[in-house]
Amino acid sequence: MFNSLSDRLTATFKNLRGRGRLSEADIDATVREIRRALLDADVAVPVVREFTAAVRERALSAEVSGALNPAQQVVKIVNEELVEILGGHTRPLSFAKVAPTVIMLAGLQGAGKTTLAGKLSLALREQGHTPLLVAADLQRPNAVTQLSVVAERAGVPVYAPHPGNQGAETDVVIGDPVGVARDGVAFARDKQHDVVIVDTAGRLGVDQVLMQQAADIRAAISPDEVLFVIDAMIGQDAVATASAFLEGVDFTGVVLSKLDGDARGGAALSVAKVTGRPIMFASTGEKLTDFEVFHPDRMASRILD
Ligand code: GDP
(Lines give C-alpha, C1' and ligand atoms only; values in the text may rest on other atoms or scores of the structure.)
Protein backbone atom coordinates (compact mmCIF):
# COMPACT_ATOMS: atom_id res chain seq x y z
CA MET A 1 0.00 0.00 0.00
CA PHE A 2 2.69 2.49 0.93
CA ASN A 3 5.50 1.49 -1.38
CA SER A 4 5.73 4.79 -3.16
CA LEU A 5 5.45 6.89 0.02
CA SER A 6 7.95 4.63 1.69
CA ASP A 7 10.44 5.00 -1.18
CA ARG A 8 10.06 8.77 -1.24
CA LEU A 9 10.64 9.13 2.49
CA THR A 10 13.61 6.80 2.40
CA ALA A 11 15.15 8.84 -0.41
CA THR A 12 14.59 12.02 1.57
CA PHE A 13 16.30 10.60 4.63
CA LYS A 14 19.17 9.31 2.53
CA ASN A 15 20.01 12.88 1.55
CA LEU A 16 20.60 13.66 5.21
CA ARG A 17 22.92 10.78 5.86
CA GLY A 18 26.46 11.65 6.82
CA ARG A 19 25.53 15.23 7.66
CA GLY A 20 26.59 16.95 10.81
CA ARG A 21 24.25 19.43 12.41
CA LEU A 22 21.32 20.29 10.14
CA SER A 23 20.73 23.93 9.31
CA GLU A 24 17.27 25.41 9.28
CA ALA A 25 17.48 25.39 5.48
CA ASP A 26 18.30 21.66 5.50
CA ILE A 27 15.33 20.97 7.73
CA ASP A 28 13.02 23.09 5.60
CA ALA A 29 14.12 21.28 2.48
CA THR A 30 13.52 17.93 4.16
CA VAL A 31 10.12 18.97 5.42
CA ARG A 32 9.17 20.13 1.91
CA GLU A 33 10.07 16.72 0.53
CA ILE A 34 8.03 15.00 3.23
CA ARG A 35 5.09 17.30 2.50
CA ARG A 36 5.18 16.46 -1.21
CA ALA A 37 5.47 12.75 -0.53
CA LEU A 38 2.45 12.81 1.79
CA LEU A 39 0.35 14.90 -0.58
CA ASP A 40 1.21 12.57 -3.45
CA ALA A 41 0.09 9.68 -1.27
CA ASP A 42 -3.33 11.40 -0.99
CA VAL A 43 -3.01 12.28 2.65
CA ALA A 44 -5.50 15.03 3.51
CA VAL A 45 -4.10 18.56 3.32
CA PRO A 46 -4.83 19.60 6.95
CA VAL A 47 -3.21 16.41 8.19
CA VAL A 48 -0.13 17.05 6.06
CA ARG A 49 0.06 20.61 7.31
CA GLU A 50 -0.11 19.64 10.95
CA PHE A 51 2.27 16.75 10.47
CA THR A 52 4.96 18.74 8.72
CA ALA A 53 4.68 21.63 11.16
CA ALA A 54 5.24 19.24 14.06
CA VAL A 55 8.19 17.55 12.34
CA ARG A 56 9.77 20.90 11.51
CA GLU A 57 9.42 22.26 15.01
CA ARG A 58 10.79 19.16 16.63
CA ALA A 59 13.65 18.81 14.14
CA LEU A 60 14.70 22.42 14.72
CA SER A 61 14.81 22.00 18.46
CA ALA A 62 16.24 18.48 18.49
CA GLU A 63 19.33 17.95 20.60
CA VAL A 64 22.28 16.83 18.51
CA SER A 65 23.81 15.02 21.41
CA GLY A 66 23.10 11.40 22.17
CA ALA A 67 23.36 8.24 20.18
CA LEU A 68 21.48 9.43 17.12
CA ASN A 69 22.98 11.44 14.30
CA PRO A 70 20.85 14.22 12.79
CA ALA A 71 19.49 12.01 10.00
CA GLN A 72 18.47 9.32 12.46
CA GLN A 73 16.93 11.94 14.64
CA VAL A 74 14.72 13.18 11.80
CA VAL A 75 13.66 9.59 11.03
CA LYS A 76 12.79 9.11 14.68
CA ILE A 77 10.72 12.29 14.75
CA VAL A 78 8.88 11.37 11.55
CA ASN A 79 8.22 7.92 12.94
CA GLU A 80 6.80 9.29 16.17
CA GLU A 81 4.63 11.81 14.35
CA LEU A 82 3.33 9.06 12.04
CA VAL A 83 2.39 6.98 15.06
CA GLU A 84 0.65 10.06 16.43
CA ILE A 85 -1.49 10.73 13.33
CA LEU A 86 -2.36 7.04 13.18
CA GLY A 87 -3.89 7.32 16.61
CA GLY A 88 -0.98 6.82 18.96
CA HIS A 89 -1.73 3.42 20.36
CA THR A 90 -3.66 0.25 19.70
CA ARG A 91 -7.25 0.47 20.82
CA PRO A 92 -8.83 -2.91 21.57
CA LEU A 93 -12.55 -3.62 21.26
CA SER A 94 -14.44 -2.57 24.32
CA PHE A 95 -16.73 -5.30 25.55
CA ALA A 96 -19.96 -4.65 27.40
CA LYS A 97 -20.06 -5.40 31.12
CA VAL A 98 -23.27 -7.26 30.54
CA ALA A 99 -23.39 -9.42 27.41
CA PRO A 100 -24.04 -9.19 24.58
CA THR A 101 -21.49 -6.72 23.32
CA VAL A 102 -23.15 -5.00 20.38
CA ILE A 103 -20.98 -4.03 17.42
CA MET A 104 -22.52 -2.12 14.55
CA LEU A 105 -20.84 -1.79 11.15
CA ALA A 106 -21.29 1.27 8.96
CA GLY A 107 -19.77 2.52 5.73
CA LEU A 108 -20.27 2.94 2.02
CA GLN A 109 -21.37 0.08 -0.17
CA GLY A 110 -18.38 -1.97 -1.23
CA ALA A 111 -16.26 -0.70 1.65
CA GLY A 112 -15.90 -4.21 2.97
CA LYS A 113 -18.48 -4.35 5.80
CA THR A 114 -19.85 -7.78 5.05
CA THR A 115 -16.39 -9.23 4.62
CA LEU A 116 -15.38 -7.58 7.88
CA ALA A 117 -18.40 -9.09 9.65
CA GLY A 118 -17.03 -12.51 8.68
CA LYS A 119 -13.45 -11.66 9.61
CA LEU A 120 -14.30 -10.16 12.96
CA SER A 121 -16.69 -12.95 13.89
CA LEU A 122 -14.11 -15.58 12.98
CA ALA A 123 -11.44 -13.81 15.04
CA LEU A 124 -13.82 -13.48 17.99
CA ARG A 125 -14.91 -17.10 17.72
CA GLU A 126 -11.29 -18.18 17.77
CA GLN A 127 -10.86 -16.17 20.99
CA GLY A 128 -13.67 -18.16 22.56
CA HIS A 129 -16.54 -15.74 21.98
CA THR A 130 -19.89 -16.81 20.61
CA PRO A 131 -20.75 -14.15 18.03
CA LEU A 132 -23.99 -13.79 16.14
CA LEU A 133 -24.22 -11.87 12.88
CA VAL A 134 -27.30 -9.79 12.17
CA ALA A 135 -28.26 -8.93 8.61
CA ALA A 136 -29.70 -5.45 8.82
CA ASP A 137 -28.61 -4.53 5.30
CA LEU A 138 -31.91 -4.95 3.56
CA GLN A 139 -31.19 -2.46 0.84
CA ARG A 140 -28.92 -4.25 -1.52
CA PRO A 141 -29.98 -7.27 -3.51
CA ASN A 142 -28.32 -10.34 -2.07
CA ALA A 143 -26.84 -8.59 0.94
CA VAL A 144 -28.55 -11.02 3.29
CA THR A 145 -27.38 -13.99 1.24
CA GLN A 146 -23.85 -12.62 1.16
CA LEU A 147 -23.76 -12.21 4.90
CA SER A 148 -25.11 -15.75 5.31
CA VAL A 149 -22.32 -17.09 3.09
CA VAL A 150 -19.70 -15.20 5.07
CA ALA A 151 -21.23 -16.38 8.35
CA GLU A 152 -21.08 -19.96 7.21
CA ARG A 153 -17.44 -19.61 6.23
CA ALA A 154 -16.70 -18.10 9.63
CA GLY A 155 -18.69 -20.83 11.36
CA VAL A 156 -21.03 -18.42 13.11
CA PRO A 157 -24.82 -18.20 13.01
CA VAL A 158 -26.67 -15.38 11.32
CA TYR A 159 -29.92 -13.68 12.23
CA ALA A 160 -31.66 -12.65 9.04
CA PRO A 161 -35.14 -11.54 8.13
CA HIS A 162 -35.61 -14.27 5.55
CA PRO A 163 -36.71 -17.72 6.51
CA GLY A 164 -33.98 -20.05 5.37
CA ASN A 165 -31.93 -17.21 3.88
CA GLN A 166 -32.60 -18.52 0.44
CA GLY A 167 -31.55 -15.32 -1.25
CA ALA A 168 -35.07 -14.62 -2.39
CA GLU A 169 -34.81 -10.92 -1.81
CA THR A 170 -35.13 -8.40 -4.59
CA ASP A 171 -33.80 -4.91 -4.85
CA VAL A 172 -36.76 -3.44 -3.02
CA VAL A 173 -36.48 -2.64 0.65
CA ILE A 174 -37.54 -5.72 2.51
CA GLY A 175 -38.85 -5.30 5.97
CA ASP A 176 -37.56 -2.88 8.45
CA PRO A 177 -33.81 -2.78 9.06
CA VAL A 178 -34.19 -1.02 12.42
CA GLY A 179 -36.61 -3.73 13.56
CA VAL A 180 -34.32 -6.49 12.32
CA ALA A 181 -31.34 -4.97 14.14
CA ARG A 182 -33.33 -4.63 17.36
CA ASP A 183 -34.76 -8.14 17.10
CA GLY A 184 -31.33 -9.54 16.24
CA VAL A 185 -29.82 -8.09 19.38
CA ALA A 186 -32.73 -9.41 21.46
CA PHE A 187 -32.25 -12.81 19.83
CA ALA A 188 -28.54 -12.75 20.71
CA ARG A 189 -29.35 -11.92 24.32
CA ASP A 190 -31.95 -14.65 24.44
CA LYS A 191 -29.63 -17.26 22.94
CA GLN A 192 -26.70 -16.09 25.07
CA HIS A 193 -24.39 -15.00 22.29
CA ASP A 194 -21.82 -12.80 23.96
CA VAL A 195 -21.17 -10.62 20.91
CA VAL A 196 -23.54 -9.48 18.21
CA ILE A 197 -22.33 -7.88 14.99
CA VAL A 198 -24.91 -5.89 13.06
CA ASP A 199 -24.24 -5.34 9.35
CA THR A 200 -25.99 -2.27 7.94
CA ALA A 201 -26.74 -0.98 4.46
CA GLY A 202 -24.28 1.08 2.49
CA ARG A 203 -24.78 3.15 -0.62
CA LEU A 204 -22.36 4.13 -3.31
CA GLY A 205 -22.22 7.67 -2.04
CA VAL A 206 -23.04 9.35 1.22
CA ASP A 207 -26.80 9.65 1.26
CA GLN A 208 -29.19 11.16 3.80
CA VAL A 209 -31.68 8.28 3.80
CA LEU A 210 -28.91 5.79 4.45
CA MET A 211 -27.41 7.98 7.11
CA GLN A 212 -30.75 8.38 8.87
CA GLN A 213 -31.31 4.65 8.71
CA ALA A 214 -27.90 3.99 10.25
CA ALA A 215 -28.57 6.62 12.93
CA ASP A 216 -31.95 5.01 13.68
CA ILE A 217 -30.34 1.59 13.99
CA ARG A 218 -27.70 3.05 16.29
CA ALA A 219 -30.38 4.62 18.47
CA ALA A 220 -32.38 1.38 18.57
CA ILE A 221 -29.57 -0.97 19.59
CA SER A 222 -27.20 1.30 21.60
CA PRO A 223 -24.06 -0.39 20.32
CA ASP A 224 -20.90 -0.67 22.41
CA GLU A 225 -18.88 -0.11 19.25
CA VAL A 226 -19.78 1.43 15.92
CA LEU A 227 -17.09 0.51 13.43
CA PHE A 228 -16.80 2.67 10.36
CA VAL A 229 -15.35 0.60 7.54
CA ILE A 230 -13.47 2.54 4.90
CA ASP A 231 -11.77 1.40 1.75
CA ALA A 232 -8.18 2.58 2.10
CA MET A 233 -8.05 3.02 -1.66
CA ILE A 234 -10.63 5.80 -1.87
CA GLY A 235 -7.97 8.47 -1.72
CA GLN A 236 -8.98 12.07 -1.21
CA ASP A 237 -12.65 11.16 -0.72
CA ALA A 238 -11.73 9.53 2.55
CA VAL A 239 -11.97 12.65 4.63
CA ALA A 240 -15.36 13.80 3.32
CA THR A 241 -16.82 10.30 3.65
CA ALA A 242 -15.47 9.77 7.14
CA SER A 243 -16.64 13.20 8.26
CA ALA A 244 -20.14 12.56 6.89
CA PHE A 245 -20.38 9.28 8.79
CA LEU A 246 -18.97 10.85 11.92
CA GLU A 247 -21.62 13.51 11.84
CA GLY A 248 -24.46 11.30 10.62
CA VAL A 249 -23.98 8.16 12.71
CA ASP A 250 -20.97 8.83 14.89
CA PHE A 251 -18.60 5.93 15.26
CA THR A 252 -16.27 4.68 17.92
CA GLY A 253 -13.58 3.22 15.70
CA VAL A 254 -12.35 2.85 12.15
CA VAL A 255 -11.57 -0.25 10.15
CA LEU A 256 -9.34 0.23 7.14
CA SER A 257 -10.12 -2.27 4.44
CA LYS A 258 -8.24 -3.23 1.30
CA LEU A 259 -4.91 -2.29 2.78
CA ASP A 260 -3.49 -4.94 0.49
CA GLY A 261 -4.24 -2.72 -2.51
CA ASP A 262 -1.58 -0.78 -4.32
CA ALA A 263 -3.28 2.60 -4.17
CA ARG A 264 -1.72 5.50 -2.37
CA GLY A 265 -3.22 4.95 1.04
CA GLY A 266 -3.96 8.51 2.09
CA ALA A 267 -7.15 7.34 3.78
CA ALA A 268 -5.12 5.25 6.14
CA LEU A 269 -3.03 8.23 7.10
CA SER A 270 -5.82 10.80 7.34
CA VAL A 271 -8.87 9.25 8.91
CA ALA A 272 -7.79 8.83 12.52
CA LYS A 273 -6.48 12.37 12.72
CA VAL A 274 -9.42 13.96 10.93
CA THR A 275 -12.13 12.13 12.88
CA GLY A 276 -10.39 11.74 16.22
CA ARG A 277 -11.45 8.08 16.21
CA PRO A 278 -8.93 5.27 16.47
CA ILE A 279 -8.18 2.83 13.67
CA MET A 280 -8.90 -0.50 15.34
CA PHE A 281 -8.52 -3.11 12.63
CA ALA A 282 -7.05 -3.54 9.18
CA SER A 283 -8.48 -5.73 6.47
CA THR A 284 -5.81 -6.94 4.09
CA GLY A 285 -7.42 -9.28 1.59
CA GLU A 286 -10.50 -11.21 0.59
CA LYS A 287 -9.90 -14.23 2.81
CA LEU A 288 -11.46 -14.22 6.26
CA THR A 289 -8.05 -14.55 7.84
CA ASP A 290 -6.72 -11.43 6.04
CA PHE A 291 -7.44 -9.35 9.09
CA GLU A 292 -5.38 -7.81 11.83
CA VAL A 293 -5.55 -5.61 14.87
CA PHE A 294 -4.22 -2.21 13.84
CA HIS A 295 -1.03 -1.13 15.54
CA PRO A 296 -0.07 2.50 14.75
CA ASP A 297 3.59 1.87 15.64
CA ARG A 298 3.89 -1.14 13.37
CA MET A 299 2.22 0.70 10.52
CA ALA A 300 4.58 3.65 10.93
CA SER A 301 7.58 1.31 10.95
CA ARG A 302 6.27 -0.39 7.84
CA ILE A 303 6.02 2.95 6.07
CA LEU A 304 9.51 3.98 7.12
CA ASP A 305 11.04 0.57 6.52
P1 GDP B 1 -19.86 -4.08 1.76
O2 GDP B 1 -20.70 -3.63 0.61
O3 GDP B 1 -19.35 -2.93 2.55
O4 GDP B 1 -20.50 -5.10 2.61
O5 GDP B 1 -18.53 -4.72 1.10
P6 GDP B 1 -18.14 -6.24 0.89
O7 GDP B 1 -17.70 -6.85 2.18
O8 GDP B 1 -19.21 -6.93 0.13
O9 GDP B 1 -16.82 -6.07 0.02
C10 GDP B 1 -16.84 -5.52 -1.29
C11 GDP B 1 -15.77 -6.19 -2.12
O12 GDP B 1 -14.47 -5.92 -1.59
C13 GDP B 1 -15.87 -7.72 -2.14
O14 GDP B 1 -15.54 -8.17 -3.43
C15 GDP B 1 -14.84 -8.17 -1.12
O16 GDP B 1 -14.33 -9.45 -1.42
C17 GDP B 1 -13.78 -7.11 -1.31
N18 GDP B 1 -12.99 -6.90 -0.09
C19 GDP B 1 -13.44 -6.68 1.17
N20 GDP B 1 -12.40 -6.48 2.01
C21 GDP B 1 -11.27 -6.57 1.27
C22 GDP B 1 -9.86 -6.44 1.56
O23 GDP B 1 -9.43 -6.19 2.69
N24 GDP B 1 -9.00 -6.59 0.50
C25 GDP B 1 -9.45 -6.85 -0.76
N26 GDP B 1 -8.53 -6.97 -1.72
N27 GDP B 1 -10.75 -6.96 -1.06
C28 GDP B 1 -11.65 -6.83 -0.07
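Computed from a prediction, not measured in an experiment: that's the story for all the values here. (Residues numbered from 1 in each chain as written. Predicted model: local features only at pLDDT ≥ 70, side-chain atom pairs only at ≥ 80, totals over all residues. Heavy atoms only, no water.)

1. Thoughts on the site of the ligand
Consideration 1: In the neighbourhood of the ligand, 17 residues make up the surrounding shell, with Gly 110, Lys 113, Thr 114, Thr 115 and Glu 286 lying closest.
Consideration 2: The contact in question runs from an oxygen atom of the ligand to an N or O atom on the side chain of Glu 286, over 2.6 Å.
Consideration 3: About the coverage of the ligand: the protein hides 79% of its 580 Å² of free accessible area.
Consideration 4: Residues belonging to the shell around the ligand are distributed by class as follows: 2 nonpolar, 9 polar and 6 charged. (Near = heavy atom within 4 Å. Polar contact = N/O pair within 3.5 Å; in protein donor to acceptor, adjacent residues only side chain to side chain. Areas by Shrake-Rupley, 256 points an atom, 1.4 Å probe, with all protein chains shown as cover. Nonpolar A, V, L, I, M, F, W, Y, C, P; charged D, E, K, R; others polar.)

2. So, the side chain of Ser 6
Consideration 1: Looking at the secondary structure, you find Ser 6 in helix H1 (residues 3-16).
Consideration 2: Owing to a relative accessible area of 8%, Ser 6 belongs among the buried residues under this scheme. (Helix = DSSP H or I, 4+ residues; strand = E, 2+ residues; numbered from the N terminus. Buried < 20%, exposed > 50% of the residue type's maximum accessible area, 1.4 Å probe, protein only.)

3. Let's talk about the packing of helix H7 (residues 177-190) against helix H8 (residues 208-221)
Consideration 1: The contact between H7 and H8 brings their axes to 9 Å, and the two run at 30°. With respect to their mutual orientation, H7 and H8 come out roughly parallel. In this structure, the crossing between H7 and H8 has a hand that is right-handed. From H7, Pro 177, Val 178, Ala 181, Arg 182 and Val 185 reach across to H8, where they touch Gln 213, Asp 216, Ile 217, Ala 220 and Ile 221.
Consideration 2: By residue class, the composition of the contact of H7 with H8 is 7 nonpolar, 1 polar and 2 charged. (Axes fitted to C-alpha atoms, helices over the stretch in contact; angles between N-to-C directions. Parallel < 35°, antiparallel > 145°, perpendicular 65-115°, else oblique. Left-handed = near helix turned anticlockwise from the far one by under 90°. Contact = heavy atoms within 4.5 Å.)

4. A short note on the sheet that holds strand S7 (residues 279-283)
Consideration 1: One open sheet holds the 8 strands; their spatial order is S3-S2-S4-S1-S5-S6-S7-S8, and the pairing between them is mixed. Strand pairing shows two members of the sheet lacking a second neighbour, strand S3 (158-159) and strand S8 (291-293), which therefore form its edges.
Consideration 2: Alignment of strand S2 (residues 131-136) against S3, held across 2 bridges, turns out to be parallel. Each bridged residue has a counterpart across the sheet, and for Val 134 the counterpart in S3 is Tyr 159.
Consideration 3: Most of the contacts of helix H5 (residues 113-126) go to strand S4 (residues 195-200), to which it runs at about 170°, and overall it touches strand S1 (101-106), S2, S4, strand S5 (225-231), strand S6 (253-257), S7 and S8. (Pairing = 2+ DSSP bridges.)

This is a description of form; function is not addressed.
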